[in-house]
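Descriptive analysis of the structure
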Amino acid sequence: MSNPAPANDTVSNAESVAALHALVMQSLDDDQAQETVSIPLEGKSSIADHMVIASGRSSRQVAAMAQHLAEKIKKETGRSARVEGLPVADWVLIDAGDVIVHLFKPEVRSFYNLERMWGFVDAPVAGNA
C-alpha cells in the first residue's frame, strides 16, 4: 500500500523548478546570451516545464555558455545536465530535466525557428545584449 504524496511535495517541486529556471536565466544573462526567450511548457508538454532558447555570437560563445550552464546546474542542484552538440556548437541542447535549453548561433536559430514551432512567435525577448 502506497502513501499519497504530501501536499508540500508539489510546492517544493514547483520551487525547485522555479529555482532551476532562474539559475538558467541568470547564467545566460551573465554569459551575454542574445535574444533569450523562455517558453512555458507546463501543461502543454510532458518533456519539461520550461524551454529556454538563446543565441550566442559564435560557436565558441555557444560552447562556453553551455559548459558554464552545465557546471552551474551540477554545482547548485547536484544533478548532471545532459549536453548534446558541443563539438560543433552551432546548436547545443542542455537537458536539465524540468528546464530544456537550446543555444544557437543566430543563423542556425533562424533556420530551425523553434519559437514558431511551439507557437511562441511573438515571444517577449529577455535580456537582449
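A brief structural summary. Predicted model, so just to flag it, every value in this text is computed and none were measured.

Side note on the sheet that holds strand β5 (residues 99-104)
Taken in spatial order, the five strands make up an open sheet running β1-β2-β5-β4-β3, and their pairing is mixed. Only two strands of the sheet have a single neighbouring strand rather than two, namely β1 (34-40) and β3 (82-84). With direction set aside, neighbouring strand axes in the sheet form an average angle of 15°. Looking at chain direction, β1 and strand β2 (residues 50-55) are connected through five bridges and run antiparallel. Bridge assignment links Gln34 to a residue of β2, and that residue is Ser55.

Quick word on the nonpolar core
One finds Val24, Leu28, Ile73, Ile94, Val101 and Leu103 to be the most contacted residues of the largest nonpolar core, which totals 22 residues. Counting residues per element, the ones that place at least two in this core are α1 (7-30), β2, α2 (59-77), β4 (91-95) and β5. If you tally residues by element for this core, the top one is α2, at six residues. The contact partners of Leu28, leaving out residues within four places of it in the chain, are Ala33, Thr36, Val52, Ala54, Val101 and Leu103.

Describing the pairing of β4
Of the two faces of β4, only one is covered, namely that formed by Val92 and Ile94; the face formed by Trp91, Leu93 and Asp95 stays uncovered. Taken together, the three bridges between β3 and β4 define a ladder with antiparallel strand orientation. Directly across from Arg82, in β4, lies its bridge partner Asp95. Inspection of the sheet shows β4 paired to β5 by five bridges, in the antiparallel sense. Residue pairing for β5: Asp95 is matched across the bridge by Ile100. Hairpin connection of β4 to β5: three residues between the antiparallel strands, including Gly97 at a positive phi of 90°.

Cut-offs and rules
- Counting of residues starts from 1 at the beginning of each chain's written sequence and follows it residue by residue.
- Whole-chain, interface and lining totals are the exception, using all residues; otherwise, since this is a predicted model, local features are given only for residues with pLDDT of at least 70 and side-chain atom pairs are given and counted only at 80 or more.
- Side-chain measures were taken over the full set of non-hydrogen atoms in the model, leaving aside hydrogen atoms and water.
- Should DSSP find at least two bridges between two strands, the strands are regarded as paired.
- The way it works is that DSSP assigns letters per residue, a run of H or I at least four long becomes a helix, a run of E at least two long becomes a strand, and they are numbered from the N terminus.
- Lines are fitted to the C-alpha atoms to define the axes, a helix being fitted only along its stretch in contact, and any angle between axes, read from their N-to-C directions, falls within 0 to 180 degrees.
- We call a set of buried Ala, Val, Leu, Ile, Met, Phe, Trp, Tyr and Cys residues a nonpolar core when their side-chain atoms join them within 4.5 Å.
- The buried label applies to any residue whose accessible area, calculated with a 1.4 Å probe on protein chains only, is under 20% of its type's maximum; exposed applies above 50%, and partly exposed to all values in between.
- Should any heavy atoms of two residues lie within 4.5 Å, those residues are counted as being in contact.

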